[in-house]
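One letter stands for each residue in the lines below.
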Amino acid sequence: MTILNISDTHAKHKLIPKEWLIPADTIIHAGDLSTYGYMAEITDFLDWYSSLEYKNKIFICGNHDWGFQDKPDEIQELL
């Protein structure tokens, strides 16, 4: 199994060069996908992340990702 790990993109995930998103079985985003935890940041990340062509996708919330804690019902609907 091959794993690509990224983290701390702070709402700048779309700026990651495509060549850095190397082929792998699994991609893991290990925290701080947003800057302030705003729902717009989270929605934008989830749209981008779901479009990636990896068999398995895992993400972990970081200390900047307050929206997951503050609005769990809205997050659940997005997922």
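Relevant structure appears above.
The structure reproduced in this document is the subject of the present report. From a predicted model like this one, the values you see are computed outputs, not experimental measurements.

1. A word on the packing of aromatic side chains
How two aromatic rings sit relative to each other is set out by the distance from centre to centre and by the angle between their planes.
Okay, step 1: Enumeration over the complete set of coordinates arrives at seven aromatic pairs.
Okay, step 2: When the centroid spacing of 6.1 Å and the interplanar angle of 90° are considered together, the rings of Tyr-49 and Phe-59 count as edge-to-face. Placement of the pair is Tyr-49 in helix α1 (residues 39-51) and Phe-59 in strand β3 (residues 56-60), with a sequence separation of 10 residues.
Okay, step 3: Residue Tyr-49 is classed as buried on the basis of its relative accessible area, which comes to 4%.
Okay, step 4: The rings of Phe-45, Trp-48, Tyr-49, Phe-59 and Phe-68 are connected pair by pair, giving a single aromatic cluster.

2. A closer look at the environment of Glu-41
Okay, step 1: In this structure, Glu-41 sits in helix α1.
Okay, step 2: Its relative accessible area of 14% is what places Glu-41 among the buried residues.
Okay, step 3: Excluding its chain neighbours within four sequence positions, the residues that come into contact with Glu-41 are Ala-11, Ser-34, Thr-35 and Tyr-36.
Okay, step 4: Here the side chain of Glu-41 touches Gly-37 through a polar contact of 3.1 Å, landing on its backbone nitrogen.

Thresholds applied
- Residues numbered from 1 in each chain as written.
- Predicted model: local features only at pLDDT ≥ 70, side-chain atom pairs only at ≥ 80, totals over all residues.
- Heavy atoms only, no water.
- Phe/Tyr/Trp six-rings, centres within 6.5 Å; stacked < 30°, edge-to-face > 60°.
- Helix = DSSP H or I, 4+ residues; strand = E, 2+ residues; numbered from the N terminus.
- Buried < 20%, exposed > 50% of the residue type's maximum accessible area, 1.4 Å probe, protein only.
- Contact = heavy atoms within 4.5 Å.
- Polar contact = N/O pair within 3.5 Å; in protein donor to acceptor, adjacent residues only side chain to side chain.

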